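Overview (structure and organization)
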Amino acid sequence: MIEFALNYAWLVPLLPVLSFLTIVFLTRPWARLSSAVAIGAMLGSFLLASSLAWGVFTNPAFIEEPLHYSLRWLGMEGFTVNAGILIDPASAMMLFMVSLVALLVQIYSTGYMKGDPHYSLFFAYLSLFAASMLGLVISSNLLQMFIFWELVGLCSYLLIGFYTYKVSAREAAKKAFITTRIGDFGMLLGILFLQIQFNTLDLLELAAVIPNFAQLGVSLGLLTLIAILFFLGPVAKSGQFPLHVWLPDAMEGPTPVSALIHAATMVVAGVYLVGRMLFLFVEVPGSLTVVAFIGAFTALFAATIAVTQREIKRILAYSTVSQLGYMMLALGVGSLSASLFHLWTHAFFKALMFLAAGSVLHALHNKADVWEMGGLIRKMPITGWTFVVGGLAIAGIPPFAGFWSKDEILLVTWEYARHGHALGYLFFAFAALTAFLTAFYIWRLIFLVFFGPEKANDHVHESPLSMTLPLLVLAVLSGVAGLIGTPWTNLWSTWIHFGDAHSGEPAYLLMLLSVVLALAGIGLAFILYCKDQDKQAARSLAKKYPALYNLSYRKYYIDEAYTWFTRKIVDGGAKVIYLFDIYLVDGVVNGLAALTKGSGQGLKYLQTGKLQTYALIFFLAVLVLTVAFNLDSANALAHLGGVK
Amino acid sequence: MMTFPFLTTALLAPVIAALIIVFLPKEKVKFYKTTAAIGTGISLFISLYVYFGYDQATGGLQWVDFGRPIPWIADLGVTWHMAVDGLSLPLLLLTNLIGFTAVFASWNVSKRPKELMILLLLLITGVMGTFVAQNLFIFLLFYEVVVIPIYIMVVIWGSSKRVTKEYAAMKLTIYLLIGSAFLLVGVIALFVKSVALSGTADMSFEALAQIDFPEQFQIYIFALLLVGFGSLLSMWPFHSWSPDGYAGAPTAVSMIHAGVLKKIGGYGLIRFAIYVLPLGANFWAPYIAVLGVIGVAYAAMSALAQKDLKYLVGYSSVSHMGYVLLGLASLGVIGVNGAVAAMFAHGVMASLFFAMIGFIYERTHTRYIPDLGGLSHYAPRLAAGFMLAGMASLGLPGLVTFIPEFTIFLASFEVFGWLAVVAIAGIIITALYILRAGANTLFGPANPQFKGLQDLKGPEMVPLVVLGSVLVIGGIMPSLLFDMIDSATAPIMTQINAALQIGGR
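Anyway, here's the lowdown on the structure attached to this text. Bear in mind that the values here come from a model prediction, so they are computed numbers and not experimental data. Sequence order sets the numbering: in each chain, residues are counted from 1 along the sequence as written. Each chain takes a letter, starting from A, and each ligand takes a number, starting from 1, following the order in which they are written. Residues qualify for local features only when their pLDDT is at least 70, as the model is predicted, and side-chain atom pairs are given and counted only at 80 or more; totals for whole chains, interfaces and linings, by contrast, use all residues. Hydrogens and water molecules were not included; the side-chain quantities draw on all heavy atoms of the structure.

Numbering of helices and strands runs from the N terminus, with a helix taken as a DSSP run of H or I at least four residues long and a strand as a DSSP run of E at least two residues long. A count of helices and strands for chain A gives 29 helices and two strands. C-alpha atoms define the radius of gyration in this analysis, and the globule rule sets the expected value at 2.2 Å times the number of residues to the power 0.38. Taking 26 Å as the expected radius of gyration for a compact globule of 644 residues, we find that chain A reaches 33 Å, considerably beyond that expectation. C-alpha atoms of chain A, sized along the principal axes, occupy 130 × 65 × 60 Å. When each of the 644 residues of chain A is scored for burial, the buried share is 59%. A sequence separation of at least 24 residues applies to 80% of the contacts in chain A between residues at least 6 apart. Per-residue accessibility takes into account occlusion by the displayed protein chains alone, with areas from the Shrake-Rupley method and a 1.4 Å probe. Accessible surface for chain A amounts to roughly 25400 Å². Of this, 69% is attributable to carbon and sulfur atoms. The convention is simple: Lys and Arg are positive, Asp and Glu are negative, and His and the chain ends are not counted. In this description, the location of a charge corresponds to atom NZ of lysine, CZ of arginine, CG of aspartate or CD of glutamate. Distance from the positive charge centre (36 side chains) to the negative charge centre (33 side chains) of chain A: 14 Å. Each residue is assigned to one of three classes by its accessible area relative to the maximum for its type, calculated with a 1.4 Å probe on protein chains only: buried under 20%, partly exposed between the two thresholds, exposed over 50%. Any pair of residues with heavy atoms lying within 4.5 Å of one another is described as a contacting pair.

Positionally, Ser478 of chain A belongs in helix H22 (residues 465-480). Every residue in contact with Ser478 of chain A, bar those within four places of it in the chain, is listed here: Phe348, Phe349, Leu352, Val389, Ala393, Phe400 and Ala401 of chain A.

Once that is clear, we can look at the interface of chain B and chain A. Across the contact, 57 residues belong to chain B and 51 residues belong to chain A. Buried area counts how much accessible surface, traced with a 1.4 Å probe, disappears from two parts once they are put together, with both parts' losses summed. Regarding the contact of chain B and chain A, the summed buried area is about 4800 Å², with carbon and sulfur atoms giving 73% of it. Put simply, a salt bridge is a Lys or Arg side-chain nitrogen that is within 4 Å of an Asp or Glu carboxyl oxygen. If you look at where chain B meets chain A, you find two salt bridges. Residues Asp571 of chain A and Arg436 of chain B are paired through a salt bridge, measuring 2.9 Å at the closest nitrogen-oxygen approach. Here a polar contact is taken to be a pair of N or O atoms separated by no more than 3.5 Å, where protein atoms must pair a possible hydrogen donor with a possible acceptor and residues adjacent in sequence count only if both atoms sit in side chains. Here chain B and chain A share 12 residue pairs in polar contact (both at pLDDT 80 or more) between them. For the side of chain B that touches chain A, the element with the highest residue contribution is helix H17 (residues 418-442) of chain B, accounting for 12 residues. Looking at side-chain class alone, the side of chain B that touches chain A contains 36 nonpolar, 14 polar and seven charged residues. When residues are sorted by character, Ala, Val, Leu, Ile, Met, Phe, Trp, Tyr, Cys and Pro go into the nonpolar class, Asp, Glu, Lys and Arg into the charged class, and all the rest, Gly among them, into the polar class.

Residue and element names in this part refer to chain A. Note on pairing: two strands pair once DSSP finds at least 2 bridges between them. Direction of pairing for strand E1 (residues 67-76) relative to strand E2 (residues 79-87): antiparallel, over a ladder of nine bridges. In the strand pairing of E2, Leu71 is matched with Ala83. The hairpin formed by E1 and E2 contains two residues between the paired strands, and Gly78 there has a positive phi angle of roughly 90 degrees.

The next thing to look at is a nonpolar patch on the surface. Residues and elements named next belong to chain A. To count toward a patch, a residue needs a relative accessible area over 30% and no salt bridge; like charges are then connected within 9 Å, while nonpolar side chains (Val, Leu, Ile, Met, Phe, Trp, Tyr) are connected within 5 Å. A cluster of nonpolar side chains, Phe4, Tyr8, Trp10, Leu14, Leu18, Leu21, Phe25 and Leu26, forms an exposed patch at the surface whose accessible area comes to about 790 Å². Topologically, Leu18 is positioned in helix H2 (residues 11-27). Given the relative accessible area of 43%, Leu18 is considered partly exposed.

All buried positions along H2 of chain A are accounted for by Leu11, Val12, Pro13, Pro16, Ser19, Phe20, Ile23 and Thr27 of chain A. Residues of H2 of chain A that are buried in the fold lie against helix H1 (2-7), helix H3 (31-57), helix H5 (89-112) and helix H6 (119-138) of chain A.

Residues that lie three or four places apart on an α-helix share one face, since the helix turns once every 3.6 residues. In this scheme, a helix's expected span is set at 1.5 Å multiplied by one less than its residue total. Compared with an ideal rise of 1.5 Å per residue, which puts 25 residues at 36 Å, H17 of chain B spans 37 Å between its outermost C-alpha atoms and is within 8% of the ideal. Fitting axes to the seven residues ending at a residue and to the seven starting there, one defines the bend at that residue as the angle between these axes. The sharpest bend along H17 of chain B reaches about 25 degrees and sits at Ile428 of chain B.

Within the secondary structure layout, His118 of chain A lies in the loop between H5 and H6. With a relative accessible area of 37%, His118 of chain A lands in the partly exposed category.

In this section: the packing of aromatic side chains. Two aromatic rings from Phe, Tyr or Trp, using only the six-membered ring of Trp, form a pair when their centres are within 6.5 Å; if the ring planes differ by under 30 degrees the pair is stacked, by over 60 it is edge-to-face, and anything between is tilted. Applying the stated criterion across every chain, the model contains 65 aromatic pairs over all chains. Aromatic rings pair up to connect Tyr119, Phe122, Phe123, Tyr125, Phe162, Tyr163 and Tyr165 of chain A into one cluster. Think of it as a cone above the ring: NZ of Lys or CZ of Arg counts as a charge over the ring if it is within 6 Å of the ring centre and within 35 degrees of the ring normal. A cation over an aromatic ring shows up here: Arg367 of chain B above the ring of Tyr361 of chain B, its NZ or CZ 4.9 Å from the ring centre.

What follows covers the packing of H5 of chain A against H6 of chain A. Residue and element names in this part refer to chain A. Close contact between H5 and H6 brings their axes to 9 Å; oriented N to C, the two are set at 175 degrees. One element, H5, and the other, H6, form an angle in the roughly antiparallel class. Contacts from Ser91, Met94, Leu95, Val98, Ser99, Ala102, Gln106, Ser109 and Thr110 of H5 reach H6 at Tyr119, Phe122, Phe123, Leu126, Ser127, Ala130, Met133, Leu134, Val137 and Ile138. Considered class by class, the residues forming the contact of H5 with H6 number 13 nonpolar, six polar and no charged. Lines fitted to C-alpha atoms define the axes here, with helix axes fitted over just the stretch in contact, and angles between the N-to-C directions of these axes take values from 0 to 180 degrees. Oblique is the label for every angle not falling under 35 degrees (roughly parallel), over 145 degrees (roughly antiparallel), or within 65 to 115 degrees (roughly perpendicular).

In total, this model carries 20 salt bridges over all chains according to the counting rule given. Salt-bridge contacts for Asp483 of chain B lead to Arg72 of chain A; the nearest nitrogen and oxygen are separated by 3.0 Å. Note that Asp483 of chain B is positioned in helix H19 (residues 479-502) and Arg72 of chain A in strand E1, a pairing that runs across two chains. Of the charged contacts, one joins Glu311 of chain A and Arg314 of chain A as a salt bridge, the two residues approaching to 4.0 Å between their closest N and O atoms. By relative accessible area, Arg314 of chain A is classed as buried at 15%. In this structure, a network of salt bridges that share partners links the residues Lys175, Asp249, Glu311, Arg314, Lys555 and Asp559 of chain A.

Right, let's get into the nonpolar core. In a soluble, globular protein the nonpolar side chains are often hidden away together inside. Take the buried residues of types Ala, Val, Leu, Ile, Met, Phe, Trp, Tyr and Cys, join any two whose side-chain atoms come within 4.5 Å, and each joined set is a nonpolar core. With 450 residues, the main nonpolar core has Leu142, Met277, Phe281 and Trp443 of chain A together with Met391 of chain B as its most contacted residues. No other element matches the 21 residues that helix H14 (residues 333-364) of chain B contributes to this core. Not counting residues up to four positions away in its chain, the partners in contact with Met277 of chain A are Leu142, Leu194, Leu203, Leu206 and Phe230 of chain A.

A separate point is the side chain of Ser316 of chain B. One can find Ser316 of chain B in helix H13 (residues 309-329). The buried category is assigned to Ser316 of chain B, whose relative accessible area is 3%.

Here it is as structure tokens:
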């Protein structure tokens, strides 16, 4: 089985492609059959991915020598693309994680989407997404990866706008596509530069040649430019400042989509890609600093927004943005291991929280304001308690998963600072403050939604097993998934690392700090939103600092600024150019036509067919000629026919 | 050997179908629609057969009708020389893909369907002829054949809002004719010079390409050809016929015109202008690149300001042709491959787009975006076709349009540097106007005004299925297209580069 999985790794993405095609062309009229096809294919992918991951993680050879095979996909003089498969511990981990979460989300969706008129289509889209995401993960070539990268974007677009009758969903889908396209523009330039300078887009070949960039005549400045342009793609895809604006709006999609695409898998593609290309970034330290700065800033920035949001999924979305910032920060300080570790644990606890939020919304018929909820844990114990597990994991309470990975990020940032990067202390401060805010906003949500007095919601009941089962599985994973990367037995960093495997002493002081920050956040949330029954303190705080509150609640007015830019500058410019086109360019064309027509109009009087007119013209012409040539009269008369 | 005249047969099939239709009674609507479908179907089948039977390893001109050029007007070196290579084949296939589907896109036209079908068939033959003729004279002959049906079709079956359809028809025709006037001057000068230089009269592209014309002469003649072919390709600033023309034209004409007819301009530039006059091309290349880049950005911005779907796609097609020019101007294998592939890809995409817009117009009697909305609730297949075309238009990877754009970017970025970046930034604007149009036409709340709107069914599905499959297959397996094109451009570019080495710099 392991041997088979390794040799036929391309089946992992292919199975969901087949289920996509089956659903679209065959089983669409039969909803339950469609979901069965999708889940069956996903289960197949998951089993293959699991045995593949097992094969990779039990065989240390893969760590140094990735499994790589490829075929010619396109070729011409000076440009060849070999598409193929690259399996190393990082991609094996991703295959496992993506197929697992996709499987759980599809099972959940059989309950959540029940009765939707486009139920089959939903599963078709989910299958297409899973296929593209799995394809992205195992691609061995940057262009191939870019194709899948855009395809996951397409699926994201289709699924955000899944409720096509909603104007908000339609606008959010469009915004997501266009915002990520801005990033892709930069990334495309980066890819073009790489192809032109190094004449290959194969990941392993690039990793081999880029360290020798100086010998190949590529300057450090150019390489920095390439790295930063390239980084724009991940900035947009992984919701980093300033291209994060689409991700919170993406919550317009059905909640399983938010869990799968906008929390666990697609949005981490940017992190994964930067991780894959870390060999480029480490060559130009300047670009790494940019990555770290964007990451740290985004982490804090999004956390400050999350603390005041009222919609349950919006809070989680800003939380995702913030956690993705953590992952970028870890990459920026050079630790692939810590970044992907957080990616791994985050996938479980964030998918868990989204699915649990979906369960709540399902029960409340999509009333999303956390202030209108309360005491739900009694009516929905599984949803409530699994959410609490997720809350503990993200806040960083040991031994839940998030604690280990976040601690690892704090540790590598601290070490980065200690090794002479002054900015590192700033990053560390950002990260620590974010840790506190994270615990606070998540537990604010938990206390408001699940605890306190019950609000008027009589018909609320726990979701069906199809929805609670994935929650339970994810809750278990959120509990234990971090244990493979504890500082004492850090299996994780022996598997997945860039450069030398990280092996430091356990930093107990740092762990203590991390736990204290988490507890402080939870405690503050408890005081403000649980102990204080009518939340007077919280409300008066918002009233006392309206400017600060609004800045956070209105998301720093960034959306407004972008809307202004699009409406005024882009659309205004478009209008100006269009007017230029119809009045100036076309004006010249029509002018020429009018000139031709006009001269024709004028000249047509020369051919009226009236003899008198001709005679008149004839006479006038003679007169003119006579005067013009200044002939003496006798000669002139002679010319006119000899009359004397 | 292969002496059966496959290509001539492909050319004649629509003409014969048209002749049959002439003699069919007016009432037998189904009958002559089927005849038209069979006629174009035969051509499509032959072009597929020839495409996949072409031996890429050998390259060069193959499938020569009757096995050799048939002399026609000996004094002028005119021969009936029908043959294909990797440059003509994709465009021949494109013509017949679009021709075949255009018949189905016009299936429900109720106004004088008989005449429409006849003219459509003649138009298809005319366009096809330009791509298989290896003789300059015959090439121009077919090009002129195209003009007549277009004018009549726009005037009779057209529809327009901003300008009258008569204006649109006139503009389209006059632009075509002015373009051909420039071409004619250039061709005559070239022919006279070629006779003077080589002593023999031969109007085949291959023979002309062997002659070393003086550099100054090449520069002058190339300029004439550039204006001629450029205005056909809607090169900025000779583009303004394109949005008005497409908006005015009936669906089938928009499909063929945007899909293949304007590609005659790009084809002519590479097959004739660049191939025969490499030094002229080299001189003008930077200017072409600049005009191409302006075209990309300018037309994309103009498209953003459009409210009429056909105008939007019209400007969009001007923008895409800017990419083609940019690829050609790079004068390298990668860029020229990309340009030819982009013409194919754009043809498939644009004709699908126009077919879908035609169906929308047929059903709602409007193309004005603010009047539309929520169509996907009533017509999901129509919406799928629209979005598929839209996604191809914005160059979504995985569809046939992406790799051509990528190769053009690659080549032009290397040659022209930051100038190309402006064109690459066009992908953002394109996404903006396409997604806006899609969102405002198809999505949002269902509009009760369109209740009971029919989704695509029966023959109407043909354009979506045929063109949609090409979009997807070409995206997944770009080598199907690129290997073919490369088999022609690689030797041509080698020859051109050799000429450039000798001829100056």
